[in-house]
Amino acid sequence: MKKIVFVSLMMADKMNKRKYPVEGNSLIEYQGELYYAINSVLAKTLQDGDDITVVLIETKAGDKAGSENAKKFMEELDEIKRNSGTNAAIDYVIIPSEFITSREKLNSLYLKLIEKLQYGAELYADITFGPKILPLMIFNVMQFGEKFFDCSIGNVIYLKAEFRNNEIVEGTQLICDYTPVYLLNSFTSTIETSSGEKAIEAVKVLLQD
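Residues numbered from 1 in each chain as written. Predicted model: local features only at pLDDT ≥ 70, side-chain atom pairs only at ≥ 80, totals over all residues. Heavy atoms only, no water.

A. Quick peek at the sheet that holds strand 6 (residues 89–98). With mixed pairing, 7 strands are arranged side by side in an open sheet as 3-11-8-7-1-5-6. Bordering the open sheet on either side are strand 3 (22–23) and strand 6, each of which pairs with just one other strand. As defined by bridge partners, strand 5 (residues 51–60) adjoins strand 6 across 10 bridges and the pair is classed as parallel. Residue pairing for strand 6: Ile-52 is matched across the bridge by Ile-90. Against the sheet, helix 2 (residues 67–84) touches strand 1 (2–8), strand 5 and strand 6, its axis set at about 165° to strand 6. Against the sheet, helix 4 (residues 133–148) makes contact with strand 1, strand 5, strand 7 (122–126) and strand 8 (152–160), and its axis sits at roughly 175° relative to strand 7, the strand it touches most. (Pairing = 2+ DSSP bridges. Helix = DSSP H or I, 4+ residues; strand = E, 2+ residues; numbered from the N terminus. Contact = heavy atoms within 4.5 Å. Axes fitted to C-alpha atoms, helices over the stretch in contact; angles between N-to-C directions.)

If you want it as structure tokens, here you go:
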């Protein structure tokens, strides 16, 4: 299966591997230690025949790390693949980006991302790191893929942790599967009703257990 994974890379210099529990979805919980939360999902879902393109968004910010953290991601996922014993093919694309401060920079990055879409692909995202605008942009890219490239949605992952003195407080790290948040956003963009009240009722029906 064709899978495309969008990852906003960590900009800081220091990354440490940790075991990350998953909230509410044990099917994607990896027992080993990881740098990047999305690799927990990929470790649990790699299959023979998978063709995976990982799009690594590297935000440049002075002398902050970017390329080194991209290397960590690639080495980590390559090791997961070796340990899985599958014949999955993995291709990495690094997209350097300046910190977005203008419409021109936003448009440039958006075009680079949608150009990586392929018909019928399953889309994944790790929105943990990077500037706050990247999750919004990645959501838009995924919606573009659903609408124009017949893509489906895998998982949207965010890593939650508490910090003290710039260090993670051990035991607070948690992988959150924010796919339902993306799906709500997608639903809102496609719903058609004659009033706001009817739209709210439609959402209530959608959210019923």
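From this point, the narrative continues.
B. Local environment of the packing of aromatic side chains. The full count for this structure, using the stated rule, is 8 aromatic pairs. Judged by centre distance (6.5 Å) and plane angle (90°), the ring pair of Tyr-110 and Phe-144 falls under edge-to-face. With Tyr-110 in helix 3 (residues 103–114) and Phe-144 in helix 4, this residue pair connects regions lying 34 residues apart in the sequence. For Phe-144, a relative accessible area of 25% corresponds to the partly exposed category. The ring centre of Tyr-35 lies 5.9 Å from the NZ or CZ of Lys-72, which sits over that ring. (Phe/Tyr/Trp six-rings, centres within 6.5 Å; stacked < 30°, edge-to-face > 60°. Buried < 20%, exposed > 50% of the residue type's maximum accessible area, 1.4 Å probe, protein only. Lys NZ or Arg CZ within 6 Å of the ring centre and 35° of its normal.)

C. Examining unusual backbone geometry more closely. For Asp-150, which is not a glycine, the phi torsion comes out positive at approximately 55°. Mapped onto the elements, Asp-150 comes out in the loop between helix 4 and strand 8.

D. Focus on the packing of helix 3 against helix 4. It is at 10 Å that the axes of helix 3 and helix 4 come closest, and there the two elements cross at 40°. By the angle between their axes, helix 3 is oblique relative to helix 4. You can see that helix 3 and helix 4 cross each other, and the crossing is right-handed. Contact with helix 3, carried on its side by Leu-106, Leu-109, Tyr-110, Leu-113 and Ile-114, involves Ile-133, Leu-134, Met-137, Asn-140, Val-141 and Phe-144 of helix 4 and no other residues of that element. (Parallel < 35°, antiparallel > 145°, perpendicular 65-115°, else oblique. Left-handed = near helix turned anticlockwise from the far one by under 90°.)

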